[in-house]
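Notes for the structure review
Chain residues, written in single-letter form:
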Amino acid sequence: MRQINDAHVARPGLAVVEIAAVDDETAFAVQELLAARCGIAPADRTTLGPGEPGVRLRCFLDLRPELSPPVT
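Residues numbered from 1 in each chain as written. Predicted model: local features only at pLDDT ≥ 70, side-chain atom pairs only at ≥ 80, totals over all residues. Heavy atoms only, no water.

Turning our eyes to something else, we now look at the overall build of the protein. When helices and strands are tallied, the protein shows one helix and three strands. Taken from the N to the C terminus, the helices and strands of the protein come in the order β-α-β-β. At a minimum sequence separation of 6, the contacts of the protein that also span at least 24 residues come to 53%. Here the protein has roughly 5700 Å² of accessible surface; of this, 56% comes from carbon and sulfur atoms. (Helix = DSSP H or I, 4+ residues; strand = E, 2+ residues; numbered from the N terminus. Contact = heavy atoms within 4.5 Å. Areas by Shrake-Rupley, 256 points an atom, 1.4 Å probe, with all protein chains shown as cover.)

Looking at where A27 falls in the secondary structure, it is placed in helix α1 (residues 24-35). Residues contacting A27, with those up to four places away along its chain left out, are I19, A21, T46, V55 and L57.

We now examine the nonpolar core. Formed by I19, A21, A27, A43, V55, L57 and C59, the largest nonpolar core amounts to seven residues. Listed by contribution, the elements that provide at least two residues to this core are β1 (14-21) and β3 (55-62). Counting residues per element, this core draws most heavily on β3, which supplies three residues. (Core = buried A, V, L, I, M, F, W, Y, C linked by side-chain atoms within 4.5 Å. Buried < 20%, exposed > 50% of the residue type's maximum accessible area, 1.4 Å probe, protein only.)

Note that A21 resides in strand β1. Among the residues examined, A21 registers a relative accessible area of 12% and is labelled buried. Each C-alpha atom of the pair A21 and L57 lies 8.3 Å from the other, and the pair is 36 residues apart in sequence. In contact with A21, other than residues within four places in its own chain, are T26, A27, G54 and V55.

For side chains bearing opposite charge, pairing can occur when the charged atoms are close. With the rule as written, the count across this model stands at four salt bridges. We note a salt bridge from R56 to E18, for which the minimum N-O separation is 4.0 Å. On the criterion of sequence distance, the pair formed by R56 in strand β3 and E18 in strand β1 is long-range, its members being 38 residues apart. Note that R56 and E52 form a salt bridge whose closest N and O atoms lie 3.2 Å from each other. (Salt bridge = Lys/Arg side-chain N within 4 Å of Asp/Glu carboxyl O.)

And the structure:
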């Protein structure tokens, strides 16, 4: 996986989550749970670490509250 850089966590409310799971199905299920609760840039594939058990999936979350629409 690529390194996490400052832009990924530049503001309060931004987070990077790395999921370690036994298989793709489990990793994507966790990602779906996160997506139901906050803004997310989902991953479309998992990765395998050499010599490491299971799979890894990294997604980027935005926990900041939505901007309110302008009052007219």
